[in-house]
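Listed below, chain by chain, are the residues.
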Amino acid sequence: MATKVVMEALSPTMEEGRLVKWLKNEGDQVKSGDVLAEVETDKAVMELVARGDGILKKRIAGEGDSSPVGTLLAVIAGADEDIDSLVAGASPAPSSAPPAEGAATAPPQPETPAQSQGEASTAPQEKEAAVGAPAPPAPPPRAAPQPPLPPARTSGFGAVASSPPSPQPGDGRRPRSSPLARRIASERGVELSQVTGSGPGGRIIKKDIETAAAAAPRTAGASGKGAKAPEPRFITREGDYQDIPLTQIRKTIARRLTESIGPVPTFYLTAEWDAERASEMRAQLKELGDDYKISFNDIVIKAVANALADHPEVNAWWMGDHVRHFNRVHIAMAVAIPEGLITPVIFDADRKSIGQISAEARQLAGLARQRKLAPEQYTGSTFSVSNLGMFGIEHFTAIINPPEAGILAVGAVEPKP
């Protein structure tokens, strides 16, 4: 029985992933649990494992390709098994859409003869391809109203906000669409309000934009009214510039920045703290050897954790219609990496010594820079700390990590009379 290898949701907020490297070739024998490929999510580079035994019969996605969650990447099957019906229509367009923002992922449904791999259920487009016979186009389904869900957690800039059901063209509301679809629509001059989505709940996906863009020139020519296809928005001159594709983490950061600074009401407080005794303690510990070496950031995290334990109204999440106070203190610390920013979490920081915090912070920062953090290591924070003091920054404004109630921005330690 064949097994589909799909783009899995490898992080809580992942909508699409980039296939960094195939670790298995076509024709290789694989077993369930074998690592097939490395995938870049919005937070880290993670392993995609096989969910079945057999031979890697077909690799559909290429290295460097970005695909929405649920897209068919490869097929594992028996040596003599025919997989033509499974791969038909799977390339170049993705065969399934990412799950709707703010909605729970539906459990996989049993399939015959193929098994579905990963967390995302098989989309209608894939089921049609598996049968091997074209199906007549069906009207886009309308999503039933869903109760509001608590925001999902991310580490870069917080949660993906829940969204209302997707509107249909002509109802006056902004249509729901995936980030990839919005980008392609902007590049090709396609109006989202004129596109009918085929994803879950009428969500507009990449395939819908490509179909609309391909149909636009033919429609204009057939109208007989002299309509023109959308003109390119940019003029490319060789040598003037270079386009650098965004990594998944940069896409997430860009989205979270706008979400955080827009709807979140924010006010800023600035104060100086006398760090002389902390500096003396740090110097004394340093004299005891490298095993006792700590940073100012370690001291700050411990101090913040103790303060939050005494003031639970700050150790809290804003949940829309209520405020959630936490009995445990989990501090997210901002770590700069070449692709942007990620915030690994030190759990129960108020119950740990400065030495324990220091060792854990170094380990997490190392994993973050290698893009090797597991989802449980960068989700679940109750408060964040961002420190730019090591760069000589005296003061800066940090952006709140929704749904957290606050964030502490730490500047440089310097001598003053």
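Residues numbered from 1 in each chain as written. Predicted model: local features only at pLDDT ≥ 70, side-chain atom pairs only at ≥ 80, totals over all residues. Heavy atoms only, no water.

1. Some points on the overall build of the protein
Note the threshold: Going along the chain from the N terminus, every DSSP run of H or I of four or more residues is numbered as a helix, and every run of E of two or more is numbered as a strand. Note on exposure labels: buried denotes an accessible area under 20% of the residue type's maximum, exposed denotes more than 50%, and partly exposed covers the range between, all computed with a 1.4 Å probe on protein chains only. Throughout, a residue-residue contact means that at least one pair of heavy atoms, one from each residue, lies within 4.5 Å. The Shrake-Rupley method, run with a 1.4 Å probe, gives the accessible areas here. Residue values count only the displayed protein chains as cover.
What the protein contains, in helices and strands, is eight helices and 17 strands. Evaluated residue by residue, the protein yields a buried proportion of 41% over its 417 residues. Look at the contacts in the protein between residues 6 or more apart in sequence, and 63% of them connect residues 24 or more apart. When the accessible surface of the protein is summed, it comes to about 22,800 Å², and 54% of that surface belongs to carbon and sulfur atoms.

2. Focus: the environment of Ser279
Here Ser279 lies in helix 6 (residues 276-287). Note on Ser279: relative accessible area 32%, which makes it partly exposed. Separated by 20 residues in the primary sequence, Ser279 and Ile299 place their C-alpha atoms 9.6 Å from one another.

3. Focus: the environment of Ala2
Mapped onto the fold, Ala2 is located in the segment before strand 1 (3-6). Classification of Ala2 as buried rests on a relative accessible area of 3%. Considered as a pair, Ala2 and Asp53 are 51 residues apart in the sequence and their alpha carbons are 8.8 Å apart.

4. Re the packing of aromatic side chains
We count it as follows: Between the rings of Phe, Tyr and Trp (Trp by its six-membered ring), a pair exists once the centres lie within 6.5 Å; its type follows the angle of the planes, with under 30 degrees stacked, over 60 edge-to-face, and the other angles tilted.
As enumerated under the stated definition, the model contains one aromatic pair in all. Here Trp317 and Phe326 contribute two aromatic rings whose centre-to-centre distance is 4.9 Å and whose plane-to-plane angle is 70°, an arrangement assigned as edge-to-face. Taking relative accessible area as the criterion, Trp317 reaches 9% and is therefore assigned buried. Judged by its relative accessible area of 21%, Phe326 falls in the partly exposed class.

5. Quick look at a nonpolar patch on the surface
Basically, it comes down to this: Each patch is assembled from residues with relative accessible area greater than 30% and no salt bridge, linking like charges that lie within 9 Å and nonpolar side chains (Val, Leu, Ile, Met, Phe, Trp, Tyr) that lie within 5 Å. Here, a salt bridge means any side-chain nitrogen of Lys or Arg that lies within 4 Å of a carboxyl oxygen of Asp or Glu.
On the surface, a cluster of nonpolar side chains totalling about 330 Å² of accessible area is made up of Met390, Phe391 and Ile393. Within the secondary structure layout, Ile393 lies in the loop between strand 16 (383-387) and strand 17 (407-410). Assessed through its relative accessible area of 31%, Ile393 is described here as partly exposed.

6. Quick notes on helix 8 (residues 354-369)
To keep things clear, this is the line we draw: Multiply 1.5 Å by the residue count of a helix minus one, and that product is the helix's expected span.
For helix 8, built from 16 residues, the straight-helix expectation of 22 Å at 1.5 Å per residue is met to within 8% by its first-to-last C-alpha distance of 22 Å. When helix 8 is considered as a whole, its buried residues turn out to be Ile357, Ser358, Glu360, Ala361, Leu364, Ala365 and Ala368. The elements touched by buried residues of helix 8 are helix 7 (296-310), strand 12 (331-333), strand 13 (335-337), strand 14 (340-342) and strand 15 (345-346). Backbone geometry just downstream of helix 8 places Arg371 in the positive-phi region, at approximately 60°.

7. Here's the deal with helix 7
Look at helix 7: 21 Å from first C-alpha to last across 15 residues, which is about the 21 Å you get at 1.5 Å a residue. What helix 7 keeps buried is the set Asn297, Asp298, Ile299, Val300, Ile301, Lys302, Val304, Ala305 and Leu308. Contacts from the buried residues of helix 7 go to helix 6, strand 12, strand 15, helix 8, strand 16 and strand 17.

8. Concerning the confidence of the model for the protein
Note the cut-off: pLDDT: the predictor's confidence for each residue, scored from 0 to 100.
When pLDDT is averaged along the protein, the result is 75; 71% of the residues meet or exceed 70. Scored below 50 in pLDDT, residues 92-172 shows 182 contacts in the model against residues more than four places distant or in partner chains. Below a pLDDT of 50 lies the segment residues 218-237, which in the model reaches eight contacts outside its immediate sequence neighbourhood of four places, other chains included.

9. Some remarks on the pairing of strand 1
For a regular strand, side-chain orientation follows a simple rule: the groups alternate between the two sheet faces. The following threshold applies: Paired strands, as defined in this entry, are two strands with at least two bridges between them according to DSSP.
Because side chains alternate across strand 1, one face comprises the buried residues Thr3 and Val5, and the other comprises Lys4 and Val6, equally buried. Pairing geometry for strand 1 and strand 8 (residues 72-77), over four bridges, is antiparallel. Its bridge partner lying in strand 8, Thr3 is registered against Ile76.

10. Remarks on the sheet that holds strand 16
Whenever strands of a sheet pair, they do so through backbone hydrogen bonds, lying parallel or antiparallel. The strand order 15-12-16-17 describes an open sheet built from four strands, whose pairing is mixed. Taken across any chain shown, the strands that pair with only one partner, and hence form the sheet edges, are strand 15 and strand 17. Two elements, strand 12 and strand 15, share two bridges in a ladder whose sense is antiparallel. Looking across to strand 15, one finds that Ala332 is bridged to Val345.

11. Structural notes on the pattern of salt bridges
All told, the structure shown has eight salt bridges when counted by the stated rule. Of the charged contacts, one joins Glu272 and Lys416 as a salt bridge, the two residues approaching to 2.5 Å between their closest N and O atoms. With a gap of 144 residues between them, Glu272 in the loop between helix 5 (248-261) and helix 6 and Lys416 in the segment after strand 17 connect regions that are remote in the sequence. Residue Glu272 shares its accessibility class with Lys416, and that shared class is exposed.

12. Quick look at the sheet that holds strand 7 (residues 66-68)
Stated formally: Here an axis means a line fitted to C-alpha atoms, over the contact stretch when the element is a helix, while the angle between two N-to-C directions is reported on a 0 to 180 degree scale.
An order of 5-4-2-7 is seen for the four strands of this open sheet, with the pairing classed as antiparallel. If you trace the sheet from one side to the other, it starts and ends with strand 5 (45-49) and strand 7, each paired once. Put simply, the sheet's adjacent strands are angled 40° from each other on average, direction ignored. Pairing analysis gives three bridges linking strand 2 (residues 16-22) to strand 7, with the strands arranged antiparallel. Across the sheet, the residue bridging to Gly17 is Ser67, located in strand 7.

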